[in-house]
Amino acid sequence: MRVRTGGEHDLETVASLLRDTGEHHEFSAVSLPYLRTLYRELAPGGHLQIFLAERDGTPLAADVLTSSGGVVTLRMTGMRRADDVRRSGAASL
């Protein structure tokens, strides 16, 4: 298992992980266009970070964080809902 920073090329994966969590908890996840806009507006100034937990190159969990005025806030988190993923600890990494 490894955690890496994500970029614009990972937004479809992040949207998929958020959608999995939304379906599991019965809420509507943010859309891919929303994520693209958020990234476009905040990432160039260093105010958005994405972290992806992967096992053997397969994304298992993602966190989207924003920062402003020295405060970092976890905005969104998503995870594949398979039993082996839940037990892997990927979301807590």
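Think of each chain on its own: its residues are numbered from 1, step by step along the sequence as written. This being a predicted model, a pLDDT of at least 70 is required before a residue's local features are given, and a value of 80 or more before pairs of side-chain atoms are given or counted; all residues contribute to the totals for chains, interfaces and linings. Calculated side-chain values reflect all of the structure's heavy atoms, with hydrogen atoms and water omitted.

**Student:** Looking at this model, I keep getting lost on helix H2 (residues 32-42). Mind explaining?
**Tutor:** Residues three or four positions apart in an α-helix share a direction because the helix packs 3.6 residues into each turn. Each residue is placed in one exposure class: buried if its accessible area under a 1.4 Å probe, protein chains only, is under 20% of its type's maximum, exposed if it is over 50%, and partly exposed if it falls in between. Helix and strand definitions here come from DSSP, where helices need a minimum of 4 consecutive H or I residues and strands a minimum of 2 consecutive E residues; each element is numbered from the N-terminal end. Buried within H2 we find Leu35, Leu38 and Tyr39. Angular distribution of buried residues about the axis of H2 spans 95 degrees; they occupy a single face of the element. Residues of H2 that are exposed and point more than 90 degrees away from the buried face comprise Pro33, Arg40 and Glu41. Buried positions along H2 lie against helix H1 (11-25), strand E2 (48-55), strand E3 (58-68) and strand E4 (71-79). Residues adjacent in sequence count toward polar contacts only when both atoms are side-chain atoms; beyond that, a polar contact is any pair of N or O atoms within 3.5 Å, and within protein one must be able to donate a hydrogen and the other to accept it. The N-capping residue of H2, defined by a side-chain oxygen 3.2 Å from the backbone nitrogen of Tyr34, is Ser31. Taken from the helix axis, the directions to the C-beta atoms give the arc we talk about. The contact rule is simple, with two residues in contact once any of their heavy atoms fall within 4.5 Å.

**Student:** It is not clear to me how the pattern of salt bridges should be interpreted in this structure. Could you clarify?
**Tutor:** Pairing between side chains of opposite charge can happen when their charged atoms approach one another. Every case where a carboxyl oxygen of Asp or Glu lies within 4 Å of a side-chain nitrogen of Lys or Arg is listed as a salt bridge. What the rule picks out here adds up to 6 salt bridges. Where Arg2 meets Glu54, a salt bridge forms, and the shortest distance between an N and an O atom there is 3.4 Å. Of the two residues, Arg2 is situated in strand E1 (residues 2-5) and Glu54 in strand E2; the sequence distance between them amounts to 52 residues. Under the relative-accessibility criterion, Arg2 is labelled partly exposed at 47%. The residue Arg36 makes a salt bridge to Glu12 at a minimum N-O spacing of 3.5 Å. Linking Arg36 in helix H2 with Glu12 in helix H1, this pair joins segments that are 24 residues apart in sequence. Ionic contacts of the salt-bridge type, sharing partners, join the residues Arg2, Arg4, Asp10 and Glu54 into one network.

**Student:** I tried to follow the pairing of E2 on my own but got confused; where do I start?
**Tutor:** The side chains of a regular strand alternate between both faces of the sheet. Note: two strands are recorded as paired if DSSP finds a minimum of 2 bridges between them. Where E1 and E2 come together, 4 bridges link them in antiparallel fashion. Among the inter-strand pairings, Arg4 is bridged to a residue of E2, identified as Leu52. Summarising the sheet, E2 and E3 pair through 8 bridges and their orientation is antiparallel. Bridge pairing in E3 links Leu52 to Ala62.

**Student:** What's the story with the nonpolar core in this structure? I'm lost.
**Tutor:** For soluble globular proteins, nonpolar side chains are generally found buried alongside one another. What we call a nonpolar core is a set of buried Ala, Val, Leu, Ile, Met, Phe, Trp, Tyr and Cys residues that are connected through their side-chain atoms within 4.5 Å. Counting 15 residues, the largest nonpolar core has Val14, Leu35, Leu48, Ile50 and Val64 as the members making the most contacts within it. For this core, the secondary-structure elements that each account for two or more residues are H1, H2, E2 and E3. In terms of residue count, the dominant contributor to this core is H1 (5 residues). Dropping the residues within four chain positions of it, Ile50 is found in contact with Arg4, Thr5, Gly6, Gly7, Leu11, Val14, Tyr39, Asp63 and Val64.

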